[in-house]
2 protein chains.
Amino acid sequence: MTQTNLANATLFDLKTGLSKEEKTKQRHLSDMTKMFYDTKALQEEMEAGHDALVYEYYDLDLPKTDGDIQYGTSIVYPGTVGDEYYMTKGHYHEVLETGEVYFCISGEGYLLMENPEGEWEIEKFVPGRAVHVPPRYAHRSINTGKEPLVTFFAFRADAGHDYGTIEAKGFRKLVVERDGKPEIIDNPKWQK
Amino acid sequence: MTQTNLANATLFDLKTGLSKEEKTKQRHLSDMTKMFYDTKALQEEMEAGHDALVYEYYDLDLPKTDGDIQYGTSIVYPGTVGDEYYMTKGHYHEVLETGEVYFCISGEGYLLMENPEGEWEIEKFVPGRAVHVPPRYAHRSINTGKEPLVTFFAFRADAGHDYGTIEAKGFRKLVVERDGKPEIIDNPKWQK
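How each quantity is defined
Residues numbered from 1 in each chain as written. Chains lettered and ligands numbered in written order. Predicted model: local features only at pLDDT ≥ 70, side-chain atom pairs only at ≥ 80, totals over all residues. Core = buried A, V, L, I, M, F, W, Y, C linked by C-beta atoms within 7 Å. Buried ≥ 20, exposed ≤ 12 C-beta atoms within 10 Å, placed from the backbone. Contact = placed C-beta atoms within 7 Å. Least-squares fit on C-alpha atoms with pLDDT ≥ 70 in both. Pairing = 2+ DSSP bridges. Helix = DSSP H or I, 4+ residues; strand = E, 2+ residues; numbered from the N terminus. Axes fitted to C-alpha atoms, helices over the stretch in contact; angles between N-to-C directions. Nonpolar A, V, L, I, M, F, W, Y, C, P; charged D, E, K, R; others polar.

Undergrad: Outline the nonpolar core, supporting the account with residue identities and numerical values.
TA: Ranked by internal contacts, the top residues of the largest apolar core, which has 86 residues, are Val101 and Ala154 of chain A together with Val101 and Ala154 of chain B. Not counting residues up to four positions away in its chain, the partners in contact with Val101 of chain B are Ile69, Tyr71 and Ala154 of chain A together with Ala130, His132, Phe153 and Ala154 of chain B.

And the structure:
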């Protein structure tokens, strides 16, 4: 009856989403020059020296098998570039036929999804709302509120991330602020 | 550019773990007569007419593929049978080589784990602590606190549940209250 040490545990702050035990990966405006559609507004921010932190997340060192679950938190900060809300880059999984679950624990916003066939979906994040991304759907978190949007995520640990497709083509839809409210529009810069 | 409706979302209360949108599966003392080691104490509770709710959880109707993630919450209520804390039955996955992640959002307790080789592990639950169960490990949530122990769980949707093995053999270790504190002991009734 041997005690092993294979389980992995991490303590997160339920309000900020941050953990003192691990380091986040951070994405600033300068990492996302290809993502926001209003490149002029982004340029102006950068020239004014405001390379704001847009989001951060945990990429924990866990076994990458198809039987393990990769987990962590993602924190998208409030803000806009032009009228487009702060968001994550968004990604497909390299193993395209895998989904993911996001559990919102603080803040508010949306999870925007689309598949290679151009079908899309959007789900609202409010504290306590869990959203299951179906397999084959790229997904991006968007903060439309005034507080950090904090989600806990879990996916098959071998799924991998394909950021390149979205970086090159963009999402077909965007979420922007119009008259003080979120509105879904077609992405004027979307590339086939 | 068609909008589809494949994503699934559920709103949970972050304090109670319950959702108004779905029904839980409930486990009362009478469902767990084989699980607690002090059968006499259990008998007395039952004869006194106290068929208490020990725990409840969500078994949402999601696609059961190896690319989907099954998610939900589990709520273990505070209490003891004799000196053994309220707990879940515990289970192996039918697809043994799959793990699971539990994210504690309220309450406190432990996640007890063991594999078919008899190796075991235990991890503490406090609010904000996520525990990754390694593949091959049966797992049971145990509430050692005064409040409901609420966890959000996520696992590969094809993993399935094997409750029978634990029901027949039990876990090799138990968590009991001694001098007002949790203590891990050998299960006197464990069957090889």
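Undergrad: Tell me about the relation of the copies chain A and chain B, and name the residues and values.
TA: Each copy of the sequence occupies a distinct position, and chain A is placed on chain B by a rotation of 180° and an axial shift of 0.0 Å, giving an RMSD of 0.0 Å. When the rotation and shift are considered jointly, the pair of chain copies conforms to a two-fold rotation axis. Same-surface contact between copies: 100% of interface residues of chain A are shared with the interface of chain B.

Undergrad: Let's hear about the sheet that holds strand E4 (residues 69–76) of chain A: which residues, and what values?
TA: One open sheet accounts for seven strands, arranged E2(A)-E3(A)-E4(A)-E13(A)-E8(A)-E11(A)-E1(B); its pairing is antiparallel. Two strands close off the open sheet at either side, each with one partner strand: strand E2 (25–28) of chain A together with strand E1 (8–11) of chain B. Neighbour to neighbour, the strand axes of the sheet diverge by 20° on average, direction disregarded. As judged from the four bridges shared by E2 of chain A and strand E3 (residues 53–57) of chain A, these two strands associate in the antiparallel manner. Residue pairing in the sheet places Lys25 of chain A in a bridge with Tyr57 of chain A of E3 of chain A.

Undergrad: Report on the interface of chain A and chain B, specifying residues and quantitative values.
TA: Chain A puts 46 residues into the contact, and the matching count from chain B is 46 residues. Mapped by element, the contributors of at least two residues to the side of chain A that touches chain B are strand E1 (8–11), E4, strand E8 (100–106), strand E10 (120–125), strand E11 (129–133) and strand E13 (149–156) of chain A. Take the side of chain A that touches chain B: its biggest share by element is five residues, from E11 of chain A. Residues that form the side of chain A that touches chain B fall into these classes: 24 nonpolar, twelve polar and ten charged. Summarising the sheet, E11 of chain A and E1 of chain B pair through four bridges and their orientation is antiparallel.

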